[in-house]
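# Understanding the architecture of this molecule
What follows is each chain in one-letter form.
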2 protein chains.
Amino acid sequence: MKNTPVTIKDIARALNISISTVSRALRGMPEIHPDTRKAVTQLAEELDYQPNQLAKNLAKSRTRTIGVIVPNLSYYYFSAMLNSIEEAALQSGYSVLVCQTNESYLREITNIQNLLRSQVEGFIISLSRDTDNYEHVERLTRKNIPLVLFDRYAESINVSKVIVDNHAAAFKATEHLIENGCQRIGFLAGPAQLVLSNQRINGYRAALAKHGLSVGDQYVFNCDYTQENTIMQTLAMMSLQQPPDGVVIISDRMAYSAIYAMQQKGIRIPDDVAIVSFNNEPISAYFSPTLSSISQPIQEMGTETVRLLLREIEATDNTIPKETKVMETQLIVRGSSLRQRS
Amino acid sequence: MKNTPVTIKDIARALNISISTVSRALRGMPEIHPDTRKAVTQLAEELDYQPNQLAKNLAKSRTRTIGVIVPNLSYYYFSAMLNSIEEAALQSGYSVLVCQTNESYLREITNIQNLLRSQVEGFIISLSRDTDNYEHVERLTRKNIPLVLFDRYAESINVSKVIVDNHAAAFKATEHLIENGCQRIGFLAGPAQLVLSNQRINGYRAALAKHGLSVGDQYVFNCDYTQENTIMQTLAMMSLQQPPDGVVIISDRMAYSAIYAMQQKGIRIPDDVAIVSFNNEPISAYFSPTLSSISQPIQEMGTETVRLLLREIEATDNTIPKETKVMETQLIVRGSSLRQRS
DNA sequence: ACCGTTACCGCAAACGTTTGCGGTAACGGT
DNA sequence: ACCGTTACCGCAAACGTTTGCGGTAACGGT
């Protein structure tokens, strides 16, 4: 007894008019008599008519939909970016379809395929952790499907990007630790294939070099973003012959685990080890100790990402040059790195 | 110079066969000669043909898609539930469309409308914080569109539900605090219109009553889930003439802020105030102090929600009785509530 | 040699819209 | 009274698929 949804055919039949007239009346086209328009809208309202978006999109050969693919929405950064992207898209009359890769390369591929089949007009993607091959995204550009990467990007993919100045951010974070008296600073990084992570390592190294505090590679630990691995790497770092007195950590989430591991070993933060990390999750302000973190301009990144994408979607020719927007970050200083100057 | 996507028409023309044959060949129907099938699949592969899902769904009048609406994906619970739901749906050949309400009643209404227009075959909804009117969801059941509520539900809506035993969970949490020596226990609750919150309050009151430790209403504070308000309510609670020595908190996120506020005032956890909260977010295991929390069987809840929904979607008649599945919770004891017995 | 069966394929309608084009009736101007 | 214009509406094709039905050619059995 499933009742099929009401269509414009139903309305047309009930009112003894054609479906064209119903269609035009509902969309407020001018060539419809006010009386019939009123009759149509009234009946539509009464029947709670909902236009079939599939049919609409198919007939117009447009969906006004963009596909967003992110690693994981439980990270504050991606969840907030999604909200920002959705808002910006909505303002331009676009809706978004979201997918998570759960950091899996394979799911990234199937997500792209599914969204393609759903006829999205463009993609906004932040690459998964395990993605080390870019054939699947380059195929999109070969099909002339607009694509903008953000945050987790790759240099070699020739598309528009919205990123932060990772080098400068890590430089700033490291220098801040140095200013707070750290002499030997380690870095808890992400997976080695993440450009974002490597750029931050470079910024960190540059800051150390500038202050004559360079350290060996053994002070940089690669992590896979899981809590267990973070704890392992943290313990390994703190077991070095000369353990660091300051650590830059690639994400707040990892910092939470790292700090826990350190505190378990009786290491005091920030007295024994000062810490700065990235993302400035809301929880960081309430963690104990409160966590110093690099904040990214999420709102601005979202609107900029959408702007770059829509520019390509709505272009008539293909001559739009790719653009890479590099945003500035802000260091939020909190308890985990603030030492009384000695 | 946007190139339009390749269709079965293109393949048919190139191979000098009809689109019916292409369609059947691609779907592996038996009445196609192996040679033509091979030619079709090969060319489709070569052209990277992607079937237009809109057309497919329209032609079959089925989408095999379910709509999921949650308050906010940055909460671990909802993000994890989404993953669990997606996995279960995928296994039955369904895909999901996700929307966030950001706790707004109005966005909940527009989300439902948009998903309806996208022809989802059923809904899985966790109500927003601000939803105090259920007309928009009851309209779905009047249209005979399957709907399952989880977590944030309402008694009066006559649909299948997947929830946890909130009363028992709060009872368990409260009794645990009592066992750890708490004599005066407060409750930091959610908004007053949330049934989930009120049920937990009842469980808390029942536990207090059982142990002869009942307190007045002034020990129950309603909160709106924001960090600022949480801190305000926490400070208000701790400023009572007789401040509590134990607090049950409606969510881990709120607990983080509350603990911060307490620690700022020099209150020690768990010595001065012992704390238990709900949701068992991954971060809670690394918070300082580690946070005791009620864990919900997310995996099971997700599969159960999908099962109840698909049961209704795939039913031929409307006689399926609504079912309410109440799950058991587990108290994870950690540092925030563990006191040395005196 | 004939005929029934089978294998394989195409026609055309259908899903629910949009939209270009044409058609009729009423109107206003001379 | 006549005609050009305008207001309003319907026909039918189109979007890209699926699918019931029918049709032809080849085959195997007698």
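Every residue gets a number counted from 1 within its own chain, in the order that chain's sequence is written. All chains are assigned letters beginning with A, and all ligands numbers beginning with 1, in the order in which they are written. A pLDDT threshold of at least 70 governs which residues receive local features in this predicted model, and a stricter bar of 80 or more applies before side-chain atom pairs are shown or counted, although totals over entire chains, interfaces and linings include all residues. The basis for every side-chain value is the complete set of heavy atoms in the structure, and neither hydrogens nor water enter the calculation.

## A few points about the overall build of chain A
Across its full length, chain A carries 12 helices and 12 strands. A globule of 342 residues ought to have a C-alpha radius of gyration of about 20 Å, yet chain A, at 26 Å, is considerably larger. Taken along the three principal axes of its C-alpha coordinates, chain A extends 85 × 40 × 35 Å. Only protein chains enter the calculation, and the probe is 1.4 Å; a residue is then buried if its accessible area is under 20% of its type maximum, exposed if over 50%, and partly exposed in between. Buried residues in chain A amount to 55% of all 342 residues. By definition, residues are in contact when any of their heavy atoms lie within 4.5 Å. Within chain A, residue pairs in contact and separated by at least 24 positions form 72% of the contacts whose partners lie at least 6 positions apart. Each accessible area is a Shrake-Rupley result for a 1.4 Å probe, and residues are judged covered by the shown protein chains and nothing else. If you sum the accessible surface of chain A, you get close to 14600 Å²; carbon and sulfur atoms cover 50% of it. On chain A, the mean spot of the 34 positive side-chain charges and the mean spot of the 35 negative ones are 4 Å from each other. Segments assigned H or I by DSSP are reported as helices when at least four residues long, segments assigned E as strands when at least two residues long, and all are numbered from the N terminus. We compute the radius of gyration over the C-alpha atoms and compare it with the globule rule, which gives 2.2 Å times the number of residues raised to the power 0.38. The convention is simple: Lys and Arg are positive, Asp and Glu are negative, and His and the chain ends are not counted. Just so you know, the charge point we use is NZ for Lys, CZ for Arg, CG for Asp and CD for Glu.

## Observations concerning empty space enclosed by the protein
All names here are of chain B. Points on a 1 Å grid, built from protein atoms alone, make a cavity when a 1.4 Å probe fits but cannot get out and make a pocket when they are open with protein on both sides within 12 Å along at least 5 of 7 lines; residues with an atom within 4 Å of a point are the lining residues. Grid points are joined across faces, edges and corners, and a volume is the space filled by probe spheres set on the points. With the rule as written, the count across this model stands at three cavities of 30 Å³ or more. By volume, the largest cavity is sized at about 170 Å³. If you go around the largest cavity, you meet 14 residues; those closest to its centre are Phe-78, Arg-152, Tyr-225, Ser-251 and Asn-279. Among the residues making up the lining of the largest cavity, the classes are represented as six nonpolar, three polar and five charged. When residues of the lining of the largest cavity are assigned to domains, at least three map to each of domain 2 (64-164 + 298-326) and domain 3 (166-296). Amino acids are sorted into nonpolar (Ala, Val, Leu, Ile, Met, Phe, Trp, Tyr, Cys and Pro), charged (Asp, Glu, Lys and Arg) and polar (every other residue, Gly among them). Note that the domain bounds reflect an automated or database-derived domain assignment.

## Examining the domain arrangement of chain A
Assigned domains within chain A: domain 1 (8-51), domain 2 (64-163 + 298-327) and domain 3 (166-296). Distance between the C-alpha centres of domain 1 of chain A and domain 2 of chain A: 38 Å.

## Section: the protein's contact with DNA strand D
Residues in close proximity to DNA strand D total 29 residues, the closest being Thr-21, Arg-24, His-33 and Thr-36 of chain A together with Ser-23 of chain B. Only heavy atoms are used to decide nearness, and a residue is near a molecule or strand if one of them lies within 4 Å of it. A share of 67% is what sugar and phosphate atoms reach among the atoms of DNA strand D within 4 Å of the protein. Here Arg-24 of chain A contributes a side-chain N or O atom positioned 2.6 Å from a base oxygen of DNA strand D. Within 3.5 Å is the distance limit for a polar contact, defined as a pair of N or O atoms, with the added protein rule that one can donate a hydrogen and the other accept it, and that residues adjacent in sequence qualify only through two side-chain atoms. Ser-20 of chain B is positioned with one of its side-chain polar atoms (N or O) 3.4 Å from a base oxygen of DNA strand D. When contributions to the surface near DNA strand D are tallied by element, the ones reaching two or more residues are α2 (19-26), α3 (34-46) and α4 (53-60) of chain A together with α1 (8-15), α2 (19-26) and α4 (53-60) of chain B. Looking at the surface near DNA strand D, its residues break down into 11 nonpolar, 11 polar and seven charged.

## What about the sheet that holds strand β7 (residues 220-222) of chain B?
Residues and elements named next belong to chain B. The strand order across the open sheet built from six strands is β7-β6-β8-β9-β10-β12, with neighbouring strands paired in mixed fashion. Of all the strands in the sheet, just β7 and β12 (330-332) have a single pairing partner and so form its edges. Averaged over all pairs of adjacent strands, the angle between their axes in this sheet comes to 20°, without regard to strand direction. Any two strands between which DSSP finds at least two bridges are classified as paired. Strand direction decides the pairing type here: strand β8 (residues 246-249) and strand β9 (residues 274-278), joined by four bridges, are parallel. Residue pairing for β9: Val-248 is matched across the bridge by Val-276. Packing of helix α9 (residues 195-210) onto the sheet brings it into contact with β6 (185-189), β7, β8 and β9, and relative to β6 it is tilted by some 175°. Across the sheet, helix α11 (residues 252-264) lies against β6, β8, β9 and β10 (292-295), angled at about 155° from β9, the strand it touches most. Only the stretch in contact is used when a helix axis is fitted, and all axes are lines through C-alpha atoms; the angle between N-to-C directions ranges over 0 to 180 degrees.

## Quick look at helix α6 (residues 105-117) of chain A
Residues and elements named next belong to chain A. What a helix is expected to span follows from its residue count: subtract one and scale by 1.5 Å. Compared with an ideal rise of 1.5 Å per residue, which puts 13 residues at 18 Å, α6 spans 19 Å between its outermost C-alpha atoms and is within 8% of the ideal. For α6, every residue scored as buried is listed here: Glu-108, Asn-111, Ile-112, Leu-115 and Leu-116. Buried positions in α6, seen along its axis, are confined to an arc of 130° and lie on one side of it. On its buried face, α6 is in contact with β1 (65-70), β2 (95-100), β3 (122-125) and α7 (135-142). As used here, the arc belongs to the directions running from the helix axis to the C-beta atoms.

## Details of the pairing of strand β3 (residues 122-125) of chain B
Residues and elements named next belong to chain B. The alternating pattern of β3 places Gly-122 and Ile-124 and Phe-123 and Ile-125 on opposite faces, both of which are buried. Bridge count between strand β1 (residues 65-70) and β3: four bridges; the pairing is parallel. Each residue of the ladder has a partner; that of Ile-69, found in β3, is Ile-125. Relative to strand β4 (residues 147-150), β3 runs parallel, the two sharing three bridges. Considered in β4, the bridge of Phe-123 is made with Leu-147. When the strands point away from the viewer and the path from the first strand over the helix to the second turns clockwise, the crossover is right-handed. For the crossover from β3 across helix α7 (residues 135-142) to β4, the handedness is right-handed.

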